[in-house]
Amino acid sequence: MTVAELIGTGEFCSCTAASPDKKISGVYSGDLLSDIMAHAGCGDVLVTVMAHENTLAVAKLLGLSAVVLTETSSPPSALAETAARHEINLLFTEKSTFDASVILYGLLKGR
């Protein structure tokens, strides 16, 4: 599945789709950046409530396919601008981190 295909499901809103052709290899859910850095992998989608520029820095460093911000109706505009500038796919949802992770897992597993 690619980021564009994920956006096309309608499950998540796209804030920036800077690299929609990126392939998604897995999902990692977390809110502690050091834990994310230690366990998320290149190609993963990060599901988090951390609407912060440091989250984008970690996404860039690890080569994540996208960041999904949860429990929000829209990310801060400054964060969206930073994501676009650094070509990071930034999506969002009002769903909880758990619910968003379950949906992503199901989509990746074809359920």
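Residues numbered from 1 in each chain as written. Predicted model: local features only at pLDDT ≥ 70, side-chain atom pairs only at ≥ 80, totals over all residues. Heavy atoms only, no water.

1. Comments concerning the pairing of strand 4 (residues 66-69)
Okay, so step 1: Side chains of strand 4 alternate between two faces, with Ala66 and Val68 and Val67 and Leu69 buried alike.
Okay, so step 2: Bridge count for strand 3 (residues 44-48) against strand 4 is four bridges, and the pairing is parallel. When the bridges of strand 4 are listed, Leu46 appears paired with Val67.
Okay, so step 3: After leaving strand 3, the chain enters helix 3 (residues 53-62) and then returns to the sheet as strand 4, a path that is right-handed.
Okay, so step 4: Taking the sense of rotation as the criterion, the β-α-β connection linking strand 4, helix 4 (residues 77-85) and strand 5 (residues 90-92) turns out right-handed. (Buried < 20%, exposed > 50% of the residue type's maximum accessible area, 1.4 Å probe, protein only. Helix = DSSP H or I, 4+ residues; strand = E, 2+ residues; numbered from the N terminus. Pairing = 2+ DSSP bridges. Right-handed = clockwise from strand over helix to strand, strands pointing away.)

2. Re unusual backbone geometry
Okay, so step 1: Of note, Glu71 is a non-glycine position whose phi angle comes to about 60 degrees, a positive value.
Okay, so step 2: Structurally, Glu71 is set in the loop between strand 4 and helix 4.
Okay, so step 3: Positive phi is not limited to glycine here, since Glu87 has a value of about 55 degrees.
Okay, so step 4: Tracing the backbone shows Glu87 in the loop between helix 4 and strand 5.

3. Examining the environment of Thr9
Okay, so step 1: Counting through the fold element by element, Thr9 comes out in the loop between helix 1 (3-8) and strand 1 (13-16).
Okay, so step 2: Residue classification places Thr9 among the partly exposed residues on the basis of a relative accessible area of 32%.
Okay, so step 3: For the pair Thr9 and Ser77, spaced 68 residues apart in sequence, the C-alpha separation works out to 24 Å.
Okay, so step 4: Here Leu6 takes part through its backbone oxygen, which lies 2.7 Å from a polar atom of the side chain of Thr9. (Polar contact = N/O pair within 3.5 Å; in protein donor to acceptor, adjacent residues only side chain to side chain.)

These figures come from the coordinates and say nothing about function on their own.
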